[in-house]
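Fold and geometry: a report
If you want the building blocks of each chain, they are given just below.
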Amino acid sequence: VVLIFALLLLWGSVYQIQPEEAGVVLRFGEYVRTTNPGLHFKIPLIEGVEKVPVERQLKQEFGFRTAVAGVRSQYNEAAFLDESLMLTGDLNVAVVEWIVQYRVADPYAYLFKVRNVEETFADMNEAVLRGVVGDRTVTEVLTVGRQEIEVSAQAQLQELCDQYETGIRIEQVVLQDVNPPD
């Protein structure tokens, strides 16, 4: 019985971090250290490990969701009109669908500085893009101003992420589809 208990403790003290992850070690729920990819040891029953994908590019979609990804991806747009319907600076309406690609730059800040970081990040995205689109005319939004909107939104969103200490680094903001409403 003692040998089985010792083997279970030994098994519980070893953990592996994959190449695209970072491990955040917690002792009784409090941050202790961040570990790099590889095989590591922890104190069993006292320490836990949260794995955070730091090298993987993550994305959030707004105004639509990818239902099935593949060569011919299928999208679900119907239920997300409230995200994509925006008022422009000349008081017209545009339907703007966009994608934000990002990485986790600071695993500690990502896990502990902001509660519900994914939800907060989504709200920040909507607020920033609504502000950027609201500063332009509908003609700019639909035609020539798309690149400028993407660059401006990315810069403002990164500034907001840094201010809130989310631990997120914005890679790219892409306007997927911009149309006048039906």
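Residues numbered from 1 in each chain as written. Predicted model: local features only at pLDDT ≥ 70, side-chain atom pairs only at ≥ 80, totals over all residues. Heavy atoms only, no water.

A few points about the overall build of the protein chain
Where we set the bar: Under the DSSP-based scheme used, a helix requires at least four consecutive residues in state H or I and a strand at least two consecutive residues in state E, with every element numbered from the N terminus. With C-alpha atoms as the basis for the radius of gyration, the globule rule is written as 2.2 Å multiplied by the number of residues raised to the power 0.38. For the exposure calls, accessible area comes from a 1.4 Å probe over protein chains only, and a residue counts as buried if that area is under 20% of its type's maximum, exposed if over 50%, partly exposed in between. Note on areas: Shrake-Rupley, 1.4 Å probe, and residue coverage restricted to the protein chains presented here. Within this scheme the basic residues Lys and Arg register as positive and the acidic residues Asp and Glu register as negative, but His and the chain ends are omitted. Charge positions come from single atoms, namely NZ of Lys, CZ of Arg, CG of Asp or CD of Glu.
Scanning the protein chain for helices and strands turns up 6 helices and 11 strands. Relative to the globule expectation of 16 Å for 182 residues, the C-alpha radius of gyration of the protein chain, 21 Å, shows a markedly less compact shape. Along the first, second and third principal axes, the C-alpha atoms of the protein chain reach 75 × 35 × 25 Å. The buried share of the protein chain, reckoned over its 182 residues, is 39%. Put simply, the protein chain shows about 10,800 Å² of open surface, and 54% of that area lies on carbon and sulfur atoms. Between the averaged position of the 15 positive side-chain charges in the protein chain and that of its 27 negative side-chain charges there is a distance of 8 Å.

Details of the sheet that holds strand S3 (residues 30-35)
Here is the rule: Strands qualify as paired when DSSP identifies two bridges or more between them. Axes here mean lines fitted to C-alpha atoms, for a helix over just the part in contact, with angles spanning 0 to 180 degrees between N-to-C directions.
Strand order across the open sheet formed by 3 strands is S3-S2-S5, with antiparallel pairing between neighbours. Looking at the sheet topology across the chains shown, the edges are occupied by S3 and strand S5 (47-53). The sheet shows a mean angle of 30° between the axes of neighbouring strands, direction not considered. In the sheet, strand S2 (residues 21-27) pairs with S3 via 5 bridges, with the strands oriented antiparallel. Of the residues in S3, the one forming a bridge with Arg27 is Glu30.

Describing helix H4 (residues 117-134)
Note the cut-off: Between the first and last residue of a helix there are one fewer steps than residues, each counted as 1.5 Å, and that sum is the expected span.
Compared with the 26 Å implied by 1.5 Å per residue over 18 residues, the 25 Å span of H4 between its first and last C-alpha is a close match. Among all positions of H4, only Val117, Phe121, Ala122, Met124, Asn125, Glu126, Val128, Leu129, Val132 and Val133 are buried.

Focus: the environment of Val114
Operational definition: Contacts are assigned to residue pairs with any non-hydrogen atoms lying within 4.5 Å of each other.
With respect to the helices and strands, Val114 occurs in the loop between helix H3 (107-112) and H4. Judged by its relative accessible area of 13%, Val114 falls in the buried class. Put simply, Val114 and Trp11 are 103 residues apart on the chain and 33 Å apart in space, counted from C-alpha to C-alpha. Residues contacting Val114, with those up to four places away along its chain left out, are Ala109, Thr120, Tyr164, Glu165 and Thr166.

Describing the pattern of salt bridges
Rules: Any carboxyl oxygen of Asp or Glu that lies within 4 Å of a side-chain nitrogen of Lys or Arg is treated as forming a salt bridge with it.
Considering all chains together, one arrives at 10 salt bridges under this definition. Among the ionic pairs, Glu126 bridges to Arg130, the shortest N-O distance being 3.2 Å. With Glu126 and Arg130 both in helix H4 and 4 residues apart, the pair spans about one turn of that helix. A relative accessible area of 29% places Arg130 in the partly exposed class.

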